[in-house]
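A closer look at the structure
Chain residues, written in single-letter form:
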Amino acid sequence: MKILVLSSGSYKSPLALRVVALSKHLGKRGNTVLLMAPSADKYNKFTPDKHPKLPFTQVIQPWQPTTKSAMFNLVPYILSSLVALLSHRVDAIYLCKPTPITILGLLPRVLFGTPVILDLDDLGSEVMKSQGQSILQYKLVAWCEKIAARYASGIVVASTYLEELVKTEYPDKPLVVIPNGVDPDDYVATNKIQPRNAVYYFGVLNRLSLIEILLYALPKVIETIPDTIITIAGGGSALPEARQIVERLGLSASVTFTDWIPFLDIQKYVQPGDVGVCYQPDTPTVRAASIMKVFQYMAMSTVPVVSEVGDLPIYVQHGRIGKVVPAGDDPKTLALTLIEVLKDTNNRAKMASLARQVAETDYSWSSRTQLLDEFIRTVKGSK
């Protein structure tokens, strides 16, 4: 089967982690996969990779200017991607994150009857709105989301929250839930775990709410366990404010900020048995998301501590391979959970080992993509 995958971000950007993993594993399963993505965006500092390489996948990068103005780059990219799109006759289109860049993927359905599979991994326009992007930008993306969902042949969603939204709007549309995953082979496995007192957070920090409760929980943790090491690995627009909070709380000696690093480089700062925090606010955008860092935490044999929001409790098997904390704005609850996990080193080591085992099996991208491959073939066969 020949599949054209459309990405709204450059193939090495955080926006493309899901689409790249699915493309690679679809190709590994014997499909011919073409990934069409911008050559330059803010995530690669508008510096094109002229020789893109991706295992089992051919990367297509339509021509575009490489200025720092996304809107200026957009129109030439749309025109050149349209030419590239229509020059490749494929068996299926896989459209990820509906935007003005990817919405053109509906054209082969109109012109040739090519089945189009829509991938929804979050509430994209609502995320943009919460990040303070312009009304024009998020309204345009909201329109793309509506049109893509209406005309797609089938829909893949990353969470049960999105599943319910789509079922309500399109009850007869073929639908499957495929959460995010991880390539466990990217992370070093370990047989022996001797936990240290270490807590970390990894991810893009464009909203302070993603990390604020953790920061205010830290004084209690450090007061109780003074040798606790805290690492904030990630960058984004909220990072300066996060640094200010740490300084104001007098925690600078205990907290290390790495700024933005490639996701595999997190292993330089993490050891097996560390505690990875994913304490998210209870908002629609969080409920809709399949938060990838939880699976990365597990693959590194670390223990996830998550808030009781969306599918996060399901990912840690309701406490078997991680800890679930009631959602809210009280840092004391999170602090007490972190202290409990850090003090119970034996149970922490067991949970970390189990988390790695689940990452290697149920939560692997290989497992996720098998389900996706079957879904695409089913939708294609019913065209």
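Above this text sits the structure in question.
Residues numbered from 1 in each chain as written. Predicted model: local features only at pLDDT ≥ 70, side-chain atom pairs only at ≥ 80, totals over all residues. Heavy atoms only, no water.

Notes on the sheet that holds strand β9 (residues 229-233)
Read from one edge of the open sheet, six strands run β10-β9-β8-β11-β12-β13, paired in parallel fashion. This sheet does not close on itself; its edge strands, each paired only once, are β10 (255-259) and β13 (323-325). Between one strand and the next, the sheet's axes are offset by a mean angle of 20°, whatever the strand orientation. The pairing of strand β8 (residues 198-202) with β9 spans five bridges and is parallel. In the strand pairing of β9, Phe202 is matched with Ala233. (Pairing = 2+ DSSP bridges. Helix = DSSP H or I, 4+ residues; strand = E, 2+ residues; numbered from the N terminus. Axes fitted to C-alpha atoms, helices over the stretch in contact; angles between N-to-C directions.)

Focus: the pattern of salt bridges
The final tally for this structure, using the stated rule, is 13 salt bridges. A salt bridge links Asp49 to Lys12; the nearest nitrogen and oxygen atoms lie 3.5 Å apart. Linking Asp49 in the loop between β2 (32-36) and β3 (58-60) with Lys12 in the loop between β1 (2-6) and α1 (17-28), this pair joins segments that are 37 residues apart in sequence. By relative accessible area, which is 21% here, Asp49 ends up partly exposed. Overall, Lys12 belongs to the exposed group, its relative accessible area being 63%. Asp274 is paired through a salt bridge with Arg196; the nearest N and O atoms lie 2.9 Å apart. With Asp274 in the loop between β10 and β11 (275-278) and Arg196 in the loop between β7 (175-177) and β8, this pair connects stretches of sequence that are 78 residues apart. With relative accessibility at 1%, the residue Asp274 sits in the buried group. Via salt bridges that share partners, Arg29, Asp373 and Arg377 belong to a single interconnected network. (Salt bridge = Lys/Arg side-chain N within 4 Å of Asp/Glu carboxyl O. Buried < 20%, exposed > 50% of the residue type's maximum accessible area, 1.4 Å probe, protein only.)

Structural notes on empty space enclosed by the protein
The tally for this structure, following the rule as stated, stands at two cavities of 30 Å³ or more. By volume, the largest cavity amounts to about 70 Å³. Taken together, Ser7, Ser8, Leu15, Arg18, Val19, Cys96, Lys97, Asp119 and Asp121 make up the lining of the largest cavity. When its residues are assigned to classes, the lining of the largest cavity shows three nonpolar, two polar and four charged. Looking at the second largest cavity, its volume works out to about 50 Å³. Taken together, Leu6, Ser7, Met36, Tyr77, Ser81, Leu85, Ile101, Thr102, Leu104 and Gly105 make up the lining of the second largest cavity. It is helix α2 (residues 70-87) that provides the largest number of residues to the lining of the second largest cavity, a total of three residues. Across the lining of the second largest cavity, the residue classes break down as six nonpolar, four polar and no charged. (1 Å grid on protein atoms, 1.4 Å probe; cavity = no way out; pocket = protein on both sides within 12 Å on 5 of 7 lines; lining within 4 Å. Points joined across faces, edges and corners; volume = space filled by probe spheres on them. Nonpolar A, V, L, I, M, F, W, Y, C, P; charged D, E, K, R; others polar.)

Some details on a nonpolar patch on the surface
Side chains of Leu86, Val110, Leu111 and Phe112 sit close together on the surface and give an oily, nonpolar patch of about 370 Å² of accessible area. Relative to the assigned elements, Leu111 resides in helix α3 (residues 107-112). (Patch = residues over 30% accessible without salt bridge, like charges linked within 9 Å, V, L, I, M, F, W, Y side chains within 5 Å. Areas by Shrake-Rupley, 256 points an atom, 1.4 Å probe, with all protein chains shown as cover.)

What to know about the state of the cysteines
Here a disulfide denotes one covalent bond, and it connects the sulfur atoms of two cysteines. One pass over the full model with this rule turns up zero disulfides. Note on Cys96: no disulfide assigned, nearest cysteine sulfur contributed by Cys144 at a separation of 14 Å. On the basis of relative accessible area, Cys96 is assigned to the buried category, the value being 6%. (Disulfide = S-S within 2.5 Å.)

A short note on the sheet that holds β2
Pairing within the open sheet is parallel, and its seven strands lie in the order β3-β2-β1-β4-β5-β6-β7. In this open sheet, the two strands that pair with only one neighbour each are β3 and β7. Strand after strand, the sheet turns through a mean of 20° between neighbouring axes, direction not considered. Where β1 and strand β4 (residues 92-96) come together, four bridges link them in parallel fashion. From the neighbouring strand, Leu6 faces β4, where its bridge partner is Leu95. Those strands touched by helix α6 (residues 160-169) are β5 (116-120), β6 (154-157) and β7, and its axis lies near 165° from that of β7. (Contact = heavy atoms within 4.5 Å.)

Points about the packing of aromatic side chains
Following the criterion strictly, the structure yields four aromatic pairs and no others. Here Phe202 and Trp260 contribute two aromatic rings whose centre-to-centre distance is 6.3 Å and whose plane-to-plane angle is 15°, an arrangement assigned as stacked. Placement of Phe202 in strand β8 and of Trp260 in the loop between β10 and β11 is noted, with a sequence separation of 58 residues between them. Between Phe295 and Tyr363, the ring centres sit 5.2 Å apart and the planes meet at 70°, which makes this aromatic pair edge-to-face. Separated by 68 residues along the polypeptide, Phe295 in helix α10 (residues 292-299) and Tyr363 in the loop between α13 (345-360) and α14 (365-381) bring together distant segments of the chain. Here a set of aromatic residues connected by ring pairs shows up, and it is made of Phe295, Tyr315 and Tyr363. A cation sits over an aromatic face here: Lys173 above Tyr170, 5.3 Å from the ring centre. If you follow Arg368 out to its NZ or CZ, it ends over the ring of Phe295, 5.4 Å from the centre. (Phe/Tyr/Trp six-rings, centres within 6.5 Å; stacked < 30°, edge-to-face > 60°. Lys NZ or Arg CZ within 6 Å of the ring centre and 35° of its normal.)

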